[in-house]
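Coordinate inspection notes
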Amino acid sequence: MLSVVLSGLRDRWASFLGGFVALALGVGLLVTMGLGLSATFHAPERSPQRFASSPVVVQGRDRLTVDVRRGPDTVPVEQRLDRPQPVDDDVLRALRARWTVTASGGPDAVGVDAPAADVRALVGDRARVLTGNERAQADPDPERDARALVTLNALLGTSGGVTAFVSVFVVASAFAFAVALRRREFGLLRTAGATPGQIRRLLLAEAAVLGVLASAAGCALGALGAPLLARTLVDGGLAPAWFTIGDAAWPFHAAFWTGVTVALAGAVAASRRAGKVGPAAALREADVDADALPLGRAVLGTALLLAGLGLLAWTCATDPSALLKRKTYTTLPMLLISGVALLSPLLVRPAARLLRARGAVGTLVRENGAAAVRRTAAVAAPVLVTVALAGTLFGSAASVTRAKEVEAREQTAAQYVARGEDLAAVAAPEGTLMSPTGATSVFVRDGDEAVVKYGARAVADPAAFAELARLPVVAGDLRDLDDRSIVVNEEFERRRVGETVDVWRADGSGPVRLRIVAVLALGTGDNGPYVTRANAPGAVLDRIDARGGGAATVRALETSGGTVGHLVTGASPNRLGMVLVLGIALVYTVIGLANTLLMATSVRGGELASLRLAGATRGQILRVVTGEAALAVAIGTVLGLMVTGVVLGTLGAGLATLSAPVALVVPWPVAGAAAGVCATVAIAASAIPAWRLTRACTQ
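Overview of the structure. Given the structure is predicted, the values throughout are model-derived calculations rather than measurements.

1. Re the overall build of the chain
Check the secondary structure of the chain and you find 19 helices and 16 strands. In terms of overall dimensions, the chain has C-alpha extents of about 100 × 60 × 50 Å along its principal axes. Evaluated residue by residue, the chain yields a buried proportion of 48% over its 699 residues. Within the chain, contacts between residues at least 6 apart in sequence are counted, and of these 80% link residues at least 24 apart. Summed over its atoms, the accessible surface of the chain is roughly 31,500 Å², and 59% of this surface lies on carbon and sulfur atoms.

Right, here's the structure in full:
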């Protein structure tokens, strides 16, 4: 059996080349992403800077501890504060009475020259005692390294998921189409006495050998690509400057066995179909596909399609804010894309019949596209995947960003906005209305079982804030905000005007009982809560809205140290990350298209020779072959845009449910560029073998 398999691989290497390259590239990308992902699990150990010369650091409490109910018992839960509290005065006096104490940079921590055990015995639970590298937690922004890796972790995880998704699809399609082209070969083997089981084992053995070789090549490719990925991420600003690839071994094991499994899984369905080929298949000449959509594929495609539609509808109905998150609009459409791609043979024939072209060339393009369903679907499906990913990824990200921009513009009556990390308070010129605000946090009970941390805004001048703000108030009045009240959004458990809610402040002080004076629609996620600065200890100004005063107002805002602008804009999407994900899909599509059309056109020598005998010129034959490829690409593009429309339509419904602006963006340039690349590759991959075959017919 092994000698037959190796001989078959050697003789038909061209038909296996596309699958080998796709699988090797997939394994290589999985290794690369896995190595990058493993490097994001832990931030590097940093030496302490602020108290480098102190063996022990005493830091004020940096966590809020609240007792909550867990079943019949009560247990403490912790939430991290925005910044540590100052060290207790009694603790400071006791420390200074016994040892040398060093203060540096603020009251939240001090260095102590003393044995750690003695300091812990003195401090108890009134403060934290840090030693060794833990002392770095007293440095400014100690979580910056871990925070910098969160987005990178999500990006690499998403890219790895897309890699696995597209590689499985391309490899399975390559095996299925290769089997379809070998029906006559299998018919001859059956005529020679081969059993269905032997044919299935032959195909599985071919897949196993191909999987092992491609996976080994992919592991070597991934080891070379991982350092390049790290440099690209650092240069693109997606990773901190210190980010490097580690020496983890699990990505190699996971990617290798994933590659072998993908190869075998892609061959299973194809081998089952090959086992059903009878001896009569050796005598068939017609290229009409009567069984292009087997029952198993139809059931799986329908299930995935319904699951994708159902999850989109369920998410929109139960948690519409999730539709605005990248993880959701990256993963949920994959079910929909898979379902439509699997059902594409069912859609190809009626779509091809819609072509209204005159002349013999147009008629042949339409009829061949409708008759050779497998070939047309094998070309249309990867195009569908690429165009749909381009449309859903870029369209969803751009739509969310546009909605945030429109919402930000609509929520202020200010003419000018100053932004910065730590703005200085400025005096308003005559005739100018200014509303300074800053970022803070509040902690609120969610039932009896949890405490939730909300990012909030601290209002310095409630009257000016109420005058300039145009927030989506669904109940109450912003003008009632004062030091004993709070403005909440619809995400709060208690959200009726007049009710009271217990709130812990950003420094952990509280709880204080605040009265709800207004309730805001949730919007894109940036609506409230709002409190006054009396309930936001430590909050610094980061935004000043202003109206009136003209040039004098602009000059005053410039003295705050912030950036002054006329419009409020939202954050731009992470385009480099999305380009990386789309680039993976596009590379796979190019491989799949080239492999499919090179195989399909290369076995059409008899058909093209018959056209020459019927009087067709060489140019007409080339136009027929390339026209069929272009038609298949067009069908895949239309199906991909239909999937994009469903996803963006659901996103629009979710935005409307959240009372946010519905500002959908269809990424025509990106989708058009993806379709254009696919069309160029498809036409070239079909024209080159057709040119060679027609040249042979003229000699």
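2. A short note on the side chain of serine 686
By the secondary structure assignment, serine 686 is in helix α19 (residues 668-698). Under the relative-accessibility criterion, serine 686 is labelled buried at 1%. Reaching out from serine 686, the side chain makes a polar contact with the backbone oxygen of isoleucine 683 at a distance of 3.0 Å. Sequence-distant contacts of serine 686, that is, excluding residues within four places in its chain, are made with Leu597, Thr601, Val625, Thr626 and Ala629.

3. Focus on a negative patch on the surface
Among the surface-exposed residues, Asp446, Asp448, Glu449 and Glu493 lie close enough to one another that they form a single negatively charged patch. You can see glutamate 493 is positioned in the loop between β11 (485-489) and β12 (500-504). By relative accessible area, which is 47% here, glutamate 493 ends up partly exposed.

4. Some details on helix α11 (residues 344-353)
Looking only at α11, the buried set comprises Ser344, Pro345, Val348 and Ala352. Mapping the buried residues of α11 onto a view down its axis gives an arc of 90 degrees, with all of them on the same face. Residues of α11 that are buried make contact with α9 (295-318), α10 (326-342), α12 (359-371), α13 (373-410) and α18 (618-657).

5. Considering the environment of tyrosine 454
As for its placement among the helices and strands, tyrosine 454 is situated in strand β9 (residues 450-459). Along the primary structure tyrosine 454 and phenylalanine 492 are separated by 38 residues, whereas in three dimensions their C-alpha atoms are 9.5 Å apart. Excluding anything up to four places from it in sequence, tyrosine 454 contacts Thr440, Ser441, Val442, Val444, Glu491, Phe492 and Pro529.

6. Observations concerning the pattern of salt bridges
Counting across every chain of the model gives 16 salt bridges. The partner of arginine 63 in a salt bridge is glutamate 78, and the shortest N-O contact between them spans 3.7 Å. Of this pair, arginine 63 sits in strand β2 (residues 63-70) while glutamate 78 sits in strand β3 (residues 73-80), and the two are 15 residues apart along the sequence. For arginine 63, a relative accessible area of 28% puts it in the partly exposed group. Across the pair arginine 484 and aspartate 482 runs a salt bridge, and its minimum N-O distance is 3.9 Å.

7. Topic: the pairing of strand β5 (residues 109-113)
Buried residues dominate β5, accounting for four of its five residues. Here four bridges tie strand β1 (residues 56-59) to β5, and the two strands are oriented antiparallel to one another. Within β5, the position partnered with valine 58 by the bridge is valine 110. With four bridges joining them, strand β4 (residues 100-103) and β5 adopt antiparallel strand pairing.

8. A short note on a nonpolar patch on the surface
Where nonpolar side chains cluster on the molecular surface, the patch consists of Leu306, Leu309 and Val646 and spans about 240 Å² of accessible area. The topology assignment puts valine 646 in helix α18.

9. Side note on the packing of α12 against α13
Contact geometry for α12 and α13: axes closest at 5 Å, N-to-C directions at 90 degrees. By the angle class used here, α12 and α13 are roughly perpendicular. Taking contact as the criterion, the partners of Asn368, Gly369, Ala370 and Ala371 in α12 are, on α13, Val373, Arg375 and Thr376. When the residues that make up the contact of α12 with α13 are grouped by side-chain class, the tally is three nonpolar, three polar and one charged.

10. Description of unusual backbone geometry
In the segment running from glycine 510 into proline 511, the intervening peptide bond is cis, with an omega of 10 degrees. Mapped onto the secondary structure, proline 511 falls in the loop between β12 and β13 (512-520). Even without a glycine there, the phi angle at serine 659 is positive, about 60 degrees. Looking at where serine 659 falls in the secondary structure, it is placed in the loop between α18 and α19. Since its relative accessible area comes to 44%, serine 659 is described here as partly exposed.

11. A short note on the nonpolar core
Counting residues in each nonpolar core, the largest one holds 71 residues, and the members touching the most others are Val166, Leu233, Phe243 and Val643. Counting residues per element, this core draws most heavily on α13, at 12 residues. Leucine 233 has contacts with Leu152, Leu155, Leu156, Leu238, Ala239 and Phe243, leaving out every residue within four places of it along the chain. Residues Val442, Val501, Val519 and Ala539 belong to the second largest nonpolar core, which totals 17 residues.

12. Some details on the environment of tryptophan 257
Within the secondary structure layout, tryptophan 257 lies in helix α8 (residues 250-275). Tryptophan 257 sits in the exposed class, given a relative accessible area of 54%. Put simply, tryptophan 257 and arginine 604 are 347 residues apart on the chain and 36 Å apart in space, counted from C-alpha to C-alpha.

13. Quick look at the sheet that holds β5
Pairing within the open sheet is antiparallel, and its four strands lie in the order β4-β5-β1-β6. The open sheet terminates on both sides in strands that have one partner only, identified here as β4 and β6 (128-131). Adjacent strand axes in the sheet meet at a mean angle of 30 degrees, parallel and antiparallel pairs treated alike. Sheet topology places β1 next to β6; four bridges connect them, and they run antiparallel. The residue of β6 that forms the bridge with glutamine 59 is arginine 128. Across the sheet, helix α3 (residues 89-98) touches β1, β4 and β5, and the angle it forms with β5 is around 20 degrees. Those strands touched by helix α4 (residues 116-123) are β1, β5 and β6, and its axis lies near 170 degrees from that of β6.

14. Description of the packing of α3 against α4
The N-to-C vectors of α3 and α4 enclose an angle of 145 degrees; their axes lie 10 Å apart at closest approach. Regarding α3 and α4, the two cross each other, and that crossing is right-handed. Within the contact between the two elements, α3 uses Val91, Ala94 and Leu95 and α4 uses Val119, Leu122 and Val123. Residue composition of the contact of α3 with α4, grouped by class: six nonpolar, no polar and no charged.

Cut-off values and rules
- Residues numbered from 1 in each chain as written.
- Predicted model: local features only at pLDDT ≥ 70, side-chain atom pairs only at ≥ 80, totals over all residues.
- Heavy atoms only, no water.
- Helix = DSSP H or I, 4+ residues; strand = E, 2+ residues; numbered from the N terminus.
- Buried < 20%, exposed > 50% of the residue type's maximum accessible area, 1.4 Å probe, protein only.
- Contact = heavy atoms within 4.5 Å.
- Areas by Shrake-Rupley, 256 points an atom, 1.4 Å probe, with all protein chains shown as cover.
- Polar contact = N/O pair within 3.5 Å; in protein donor to acceptor, adjacent residues only side chain to side chain.
- Patch = residues over 30% accessible without salt bridge, like charges linked within 9 Å, V, L, I, M, F, W, Y side chains within 5 Å.
- Salt bridge = Lys/Arg side-chain N within 4 Å of Asp/Glu carboxyl O.
- Lys, Arg positive; Asp, Glu negative; His and termini not counted.
- Charge placed at Lys NZ, Arg CZ, Asp CG, Glu CD.
- Arc of directions from axis to C-beta.
- Pairing = 2+ DSSP bridges.
- Axes fitted to C-alpha atoms, helices over the stretch in contact; angles between N-to-C directions.
- Parallel < 35°, antiparallel > 145°, perpendicular 65-115°, else oblique.
- Nonpolar A, V, L, I, M, F, W, Y, C, P; charged D, E, K, R; others polar.
- Core = buried A, V, L, I, M, F, W, Y, C linked by side-chain atoms within 4.5 Å.
- Left-handed = near helix turned anticlockwise from the far one by under 90°.

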